[in-house]
Amino acid sequence: MDPKDGSSTTPVWAEEFSVHAGEDAYVQRRQFTKFLVLTSFGMVAGNGWIWLKALTAKERSEWPQIAVAKVSDVQPGTVRFFAYPAETDPCILVRRISGEFTAFSQKCTHLSCAVYYAAERDRLECPCHEGYFSAADGRVLQGPPPRPLPQVTLEQRGDEVLAVGMSAHGAGE
Amino acid sequence: MAIDAAMLLVVLVLAVQMWLLTATLESYLAGHHGVALPALLSSLALFGVCGLLYRLVLRIDAMKDQSPESQPSSEGPWRIGG
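**Quick word on the overall build of chain A**
Counting its secondary structure elements, chain A contains 2 helices and 10 strands. Starting at the N terminus and walking to the C terminus, you meet the elements of chain A as α-α-β-β-β-β-β-β-β-β-β-β. Counting across all 173 residues of chain A, residues that qualify as buried make up 25%.

In structure tokens:
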């Protein structure tokens, strides 16, 4: 029996009793392509979110100044741990064998493992995936880390070492 | 065949978009905020390509659905011949 409104040439029995019932479990190509296009839109949304974050991000104009350690308390080849600029940002103060002070964020730029100072090799090492950073400027020497370690700007006032700022770009910038 | 080719292209474009998103995020985390807008525009362009390919798939499917061979016979599937 044909449908009375003539909107479809498919007989009613073919619509209600499909002989292709077994194929209904499969996804049609158009449905799959639609899903892929929606995923593509998700990627656009992700890029849009990054752009919005970049728009609203402000360069920090004032960094806190905190005393990290006394020069006499930190021997060459040893380290001190501290938090800067916030309590949730672990950092490592390194006194290199040469006597120079440097400080960096302790979070590896690969997967945020805590880096440690290997004095015999004068470098910062990540125990998770063998990423190595220079103790002089935090640049990546080896391994999977994609970016240098953010470097803490230090100032020495008398016998005290103070943290006065931070460079997100890491070495050389 | 044309639909399969269109779907393959969509998958390739999606792979490029995924790379673009991860590269943009890495650059943003490194402090390079200038890449965000060009990356967003590129991603939008790629999404536009996906959309065009999806329309092509729909059009080809619609043409296939309307072809005479795809219409079921009103005599029923159990009628073998005669």
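**So, the sheet that holds strand β6 (residues 123-126) of chain A**
All names here are of chain A. The sheet built from 4 strands is open, its strands ordered β5-β6-β7-β8 with antiparallel pairing. Only two strands of the sheet have a single neighbouring strand rather than two, namely β5 (116-118) and β8 (140-142). Pairwise comparison of adjacent strand axes, ignoring direction, gives a mean angle of 40° for this sheet.

**Regarding the confidence of the model for chain B**
Considering every residue of chain B, the mean pLDDT works out to 82; 78% of them sit at 70 or more. Scored as a whole, the predicted complex attains pTM 0.61, and scored at its interfaces, ipTM 0.77.

**A closer look at the pairing of strand β9 (residues 151-157) of chain A**
All names here are of chain A. Relative to β9, strand β4 (residues 101-105) runs antiparallel, the two sharing 2 bridges. Bridge pairing links F104 to Q151 in β9. Judged from the 7 bridges that link them, β9 and strand β10 (residues 160-167) form a sheet pairing that is antiparallel. Of the residues in β10, the one forming a bridge with T153 is G165.

**A few points about the nonpolar core**
All names here are of chain A. Counting 21 residues, the largest nonpolar core has C91, I92, L93, A103, F104, L124 and V152 as its most contacted members. When residues of this core are traced back to their parent elements, those giving at least two are β1 (66-70), β3 (90-95), β4, β6 and β10. Looking at this core, the element that brings in the most residues is β3, giving 4 residues. When near neighbours in sequence (up to four residues on either side) are disregarded, V152 contacts Y84, C91, A103, F104, A163 and M166.

**Details of the sheet that holds β4(A)**
Residue and element names in this part refer to chain A. The strand order across the open sheet built from 6 strands is β1-β10-β9-β4-β3-β2, with neighbouring strands paired in antiparallel fashion. At either margin of the open sheet sits one strand with a lone partner, and together these are β1 and β2 (79-83). Neighbour to neighbour, the strand axes of the sheet diverge by 30° on average, direction disregarded. Judged from the 5 bridges that link them, β2 and β3 form a sheet pairing that is antiparallel. For R80, the partnering residue across the bridge sits in β3 and is L93.

**Considerations on the environment of H110(A)**
Residues and elements named next belong to chain A. On the secondary structure map, H110 appears in the loop between β4 and β5. When the C-alpha atoms of H110 and G131 are compared, they prove to be 8.1 Å apart, with 21 residues separating the residues in sequence. Apart from the residues within four sequence positions on either side, H110 is in contact with C126, H129, G131, P144, P145 and P146.

**Quick notes on the packing of helix α2 (residues 29-56) of chain A against helix α1 (residues 2-29) of chain B**
Put simply, α2(A) and α1(B) touch, their axes get as near as 10 Å, and they point 20° apart. By the criterion of interaxial angle, the relationship of α2(A) to α1(B) is roughly parallel. Crossing hand, α2(A) versus α1(B): left-handed. Contacts between α2(A) and α1(B) involve R29(A), T33(A), L36(A), V37(A), T39(A), S40(A), M43(A), G46(A), N47(A), I50(A), K53(A) and A54(A) from the first element and I3(B), M7(B), V10(B), V11(B), V13(B), L14(B), Q17(B), M18(B), L21(B), T24(B), L25(B) and Y28(B) from the second. Of the residues that constitute the contact of α2(A) with α1(B), the class distribution is 15 nonpolar, 7 polar and 2 charged.

**So, unusual backbone geometry**
Of the consecutive residues Y84(A) and P85(A), the connecting peptide bond is found in the cis state with omega at 0°. Among the secondary structure elements, P85(A) is positioned in the loop between β2 and β3.

**Points about α1(B)**
The end-to-end C-alpha separation of α1(B) is 41 Å, in line with the 40 Å expected for 28 residues at 1.5 Å each. Looking one or two places after α1(B), you find G31(B), whose phi comes out positive at around 100°.

**Considerations on the interface of chain B and chain A**
In this complex, chain B contributes 34 residues to the contact, which on the side of chain A involves 28 residues. Sorting the residues of the side of chain B that touches chain A by element identifies α1 and α2 (36-66) of chain B as the ones contributing at least two each. The element best represented in the side of chain B that touches chain A is α2(B), accounting for 14 residues. Looking at the side of chain B that touches chain A, its residues break down into 24 nonpolar, 8 polar and 2 charged.

Analysis parameters
- Residues numbered from 1 in each chain as written.
- Chains lettered and ligands numbered in written order.
- Predicted model: local features only at pLDDT ≥ 70, side-chain atom pairs only at ≥ 80, totals over all residues.
- Helix = DSSP H or I, 4+ residues; strand = E, 2+ residues; numbered from the N terminus.
- Buried ≥ 20, exposed ≤ 12 C-beta atoms within 10 Å, placed from the backbone.
- Pairing = 2+ DSSP bridges.
- Axes fitted to C-alpha atoms, helices over the stretch in contact; angles between N-to-C directions.
- pLDDT = per-residue confidence, 0-100.
- Core = buried A, V, L, I, M, F, W, Y, C linked by C-beta atoms within 7 Å.
- Contact = placed C-beta atoms within 7 Å.
- Parallel < 35°, antiparallel > 145°, perpendicular 65-115°, else oblique.
- Left-handed = near helix turned anticlockwise from the far one by under 90°.
- Nonpolar A, V, L, I, M, F, W, Y, C, P; charged D, E, K, R; others polar.
- Expected span 1.5 Å × (residues − 1).

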